[in-house]
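Here is what each chain is made of, one letter per residue.
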Amino acid sequence: MRQAADAESGVAADPPQVPLRLSKLAFLFSALAAVTAVYLALPVAARPAAGTHAAAVELTALDQGVLQQLNAIRKLHGLVPLKLDPSLNASAAQHSNEMGADGYFEHNSADGTLFWKRIQQFYPAVGYSYWSVGENLLWSAPSVDPTQAMRMWMNSPEHRANILDPRWRQIGISAVHLDAAPGTYQGLGVTIITTDFGVRR
């Protein structure tokens, strides 16, 4: 798969993995997608400037349950728990809301912005020698709970790899419920969840 790159800054991203999409089954329908991107040891001057869009962290019960279960799984595998980051949380919230409003399900934004560039607008790389982000997406029936969401992700190699990636230190989570979502969602009631993983040092 072709590698994505920003020619101006010489920053390359790991090639996104092919999203896994699960078929619809009656009213319990689901879809998943996972990708990662990384900057390695870039001089500060070479990194593109990005604004900060940190927002107060507000979690729904579903978000909190996903975070608790995800960290429990990481602990079982000897990995450090992830801390909720306001910047990543704002990135996840923006993407879940946009996908629901515009009726699409993709890592890249509706305007074609690559997923890692979108996240970078909220979670800047400036001032860090190492910056890496990943993302898991899910849409499902409105009744989806944290256990079901985590089971779907853990049963997918790409999503499991993101959840168990030892690099991650921070996360943002946003679950959005819609009674009748357009486009891809065919006017059905859905829950869309975005989890944005990150590390910078």
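For every chain, the first residue of the written sequence is number 1, and numbering continues from 1 along that sequence. Per-residue local features of the predicted model are confined to residues with pLDDT of at least 70, and side-chain atom pairs are confined, for both listing and counting, to 80 or more; whole-chain, interface and lining totals are unaffected and use all residues. The side-chain figures draw on all heavy atoms in the structure; neither hydrogens nor water molecules are used.

### Quick word on the environment of Leu 82
Logical step 1: Tracing the sequence through the fold places Leu 82 in the loop between α1 (61-76) and β4 (83-84).
Logical step 2: The spacing of Leu 82 and Asn 71 is 11 residues in sequence and 6.4 Å in space, taken between C-alpha atoms. Each helix is a run of H or I in the DSSP string that is no shorter than four residues. Each strand is a run of E no shorter than two, and both are numbered from the N terminus.

### Some details on helix α4 (residues 146-154)
The periodicity of an α-helix, 3.6 residues per turn, causes residues three or four places apart in sequence to face the same way.
Logical step 1: All of the buried residues in α4 are Pro 146, Ala 149, Met 150, Met 152, Trp 153 and Met 154.
Logical step 2: Side-chain atoms alone can form a polar contact between residues adjacent in sequence; in general such a contact is a pair of N or O atoms within 3.5 Å, and within protein one must be able to donate a hydrogen while the other accepts it. Between the side-chain oxygen of the N-cap and the backbone nitrogen of Thr 147 there are 3.1 Å, and the N-cap of α4 in question is Asp 145. Working definition: with a 1.4 Å probe on protein chains only, accessible area under 20% of the residue-type maximum means buried, over 50% means exposed, and in between means partly exposed.

### Concerning the side chain of Glu 135
Logical step 1: For Glu 135, the position within the fold is in strand β5 (residues 130-140).
Logical step 2: For Glu 135, a relative accessible area of 0% translates into the label buried.
Logical step 3: Polar side-chain contacts of Glu 135 include one of 2.6 Å to the side chain of His 107.

### Overview of the side chain of Arg 118
Logical step 1: Note that Arg 118 resides in helix α3 (residues 115-122).
Logical step 2: Separated by 2.6 Å, the side chains of Arg 118 and Glu 135 make a polar contact.

### Structural notes on the environment of Val 176
Logical step 1: Positionally, Val 176 belongs in strand β6 (residues 170-178).
Logical step 2: Each C-alpha atom of the pair Val 176 and His 95 lies 9.9 Å from the other, and the pair is 81 residues apart in sequence.
Logical step 3: Every residue pair with non-hydrogen atoms within 4.5 Å of one another is taken to be in contact. With residues near it in sequence (within four places) discarded, Val 176 still touches Ser 96, Asn 97, Val 190, Thr 191 and Ile 192.

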